[in-house]
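# Close look at the chain arrangement
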Amino acid sequence: MPEQQKRGAFIVFEGLDRSGKSTQAAMLVDRLKQERADVKLIKFPDRTTPVGKMIDSYLRSQSELDDRAIHLLFSANRWELASHSSCGHDHRCDRYAFSGIAFSFCKPSNLSYEWCRAPDIGLPAPDLTLFLDVGPDTVKSRGGFGEERYETEEVQQKVKDVFERIGEEMGMGLLTEGGWVVVEGDFEKEKVAEVIWDWVKPLSGGVSRPLRTLWDEKENKERNDQLYI
Ligand code: Z5A
Ligand code: MG
């Protein structure tokens, strides 16, 4: 792809509750905006849409929903934004499909891993996922923990184990392959931001390769076949 056709990188922040995703995503966007004006920050769940309002009510325990129904709503919340804003371009994203799998897979209703992944197949795939890792004591010491559903130490530990599995599947540490990077989030905000910047900097001038889609093996195979013909 010629230099002028480079697209903005799609970078996702994932991590446990209170690990600093929103803080770091906002700091990164501020830093990038000093260089380019077209950087956008998306957050999932986006609680402002009609679907997002149902999710918000569920997370605050103001309504009950079947585990499958809420899982599909979280995914629908991503699809409604993907189709409006083609979130592969110049976007930084605070939580994404990986949270969808991790939280639903841990529920007692024993949803299968494949079932949890299925509704998000075909969404834009990140060029880089930064997983903020923090210890349980750090989580508890940060404001607001325990106010919503899932905010217990037991759930968070299970979720962390599933995130590890997802990270391995996504290509742990492989920056060039849309990989997954673990960032220690227990340090002060500025120090964490510097580590994140080291990972993001190589992508800050744009990305040449076409945007991929999540877990869409057929599409990825066709693209790879074309590359090697
Ligand atoms: N969920 C799901 O089930 N399925 C899905 O598909 C999706 C989500 C997308 C709500 O998500 C729940 O939805 C979540 C997963 C589930 N449940 N849980 N757990 P959310 O994104 O709306 O909320 P959250 O991520 O759980 O919490 P959070 O408050 O957004 O956490 P955070 O963004 O990682 O942390 P933060 O807001 O940046 O920081 C928290 C506090 O710590 C704040 O006071 C900061 O000032 C402070 N902080 C941040 N960094 C530091 C450092 N380095 N040092 C000291 N203090 C710090
Ligand atoms: Mg947040």
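Residues numbered from 1 in each chain as written. Chains lettered and ligands numbered in written order. Predicted model: local features only at pLDDT ≥ 70, side-chain atom pairs only at ≥ 80, totals over all residues. Heavy atoms only, no water.

### Quick look at the side chain of Gln24
Its place among the elements puts Gln24 in helix H1 (residues 21-33). Side-chain polar atoms of Gln24 contact the backbone oxygen of Lys189, separated by 3.1 Å. Contacts of Gln24, omitting those with residues within four sequence positions, involve Phe13, Leu132, Lys189, Val192, Ala193 and Ile196. (Helix = DSSP H or I, 4+ residues; strand = E, 2+ residues; numbered from the N terminus. Polar contact = N/O pair within 3.5 Å; in protein donor to acceptor, adjacent residues only side chain to side chain. Contact = heavy atoms within 4.5 Å.)

### As for the sheet that holds strand S3 (residues 91-94)
Spatially, S2-S3-S1-S4-S5 is the arrangement adopted by the five strands of the open sheet, whose pairing is parallel. Only two strands of the sheet have a single neighbouring strand rather than two, namely strand S2 (40-43) and strand S5 (180-184). With strand direction ignored, the average angle separating the axes of adjacent strands in the sheet is 20°. One ladder, built from five bridges, connects strand S1 (residues 10-15) with strand S4 (residues 128-133); its direction is parallel. Bridging across to S4, Ile11 finds its partner in Leu128. (Pairing = 2+ DSSP bridges. Axes fitted to C-alpha atoms, helices over the stretch in contact; angles between N-to-C directions.)

### Concerning the packing of H1 against helix H8 (residues 189-200)
Following both chains from N to C, one finds H1 and H8 inclined at 60°, their axes separated by 10 Å at the closest point. As far as their axial angle goes, H8 and H1 are oblique. The handedness of the crossing between H1 and H8 is right-handed. Taking contact as the criterion, the partners of Thr23, Gln24, Met27, Leu28, Arg31 and Leu32 in H1 are, on H8, Lys189, Glu190, Val192, Ala193, Glu194, Ile196, Trp197 and Val200. Tallied by class, residues from the contact of H1 with H8 come to eight nonpolar, two polar and four charged. (Parallel < 35°, antiparallel > 145°, perpendicular 65-115°, else oblique. Left-handed = near helix turned anticlockwise from the far one by under 90°. Nonpolar A, V, L, I, M, F, W, Y, C, P; charged D, E, K, R; others polar.)

### Focus: the side chain of Asp67
With respect to the helices and strands, Asp67 occurs in helix H3 (residues 67-85). Side-chain polar atoms of Asp67 contact the side chain of Ser109, separated by 2.6 Å. Excluding residues within four positions of it along the chain, Asp67 makes contact with Tyr58, Lys107, Ser109 and Leu111.

### Concerning the site of ligand 1
If you check the shell around ligand 1, you find 26 residues, and the closest are Asp17, Arg18, Lys21, Thr23 and Lys43. A distance of 2.9 Å separates an oxygen atom of ligand 1 from a polar atom in the side chain of Ser22. Arg142 places a side-chain nitrogen or oxygen 3.3 Å from a nitrogen atom of ligand 1. Out of a free accessible area of 1000 Å², ligand 1 has 83% covered by protein chains. Elements with a minimum of two residues in the shell around ligand 1: H1, H3 and helix H4 (97-105). (Near = heavy atom within 4 Å. Areas by Shrake-Rupley, 256 points an atom, 1.4 Å probe, with all protein chains shown as cover.)

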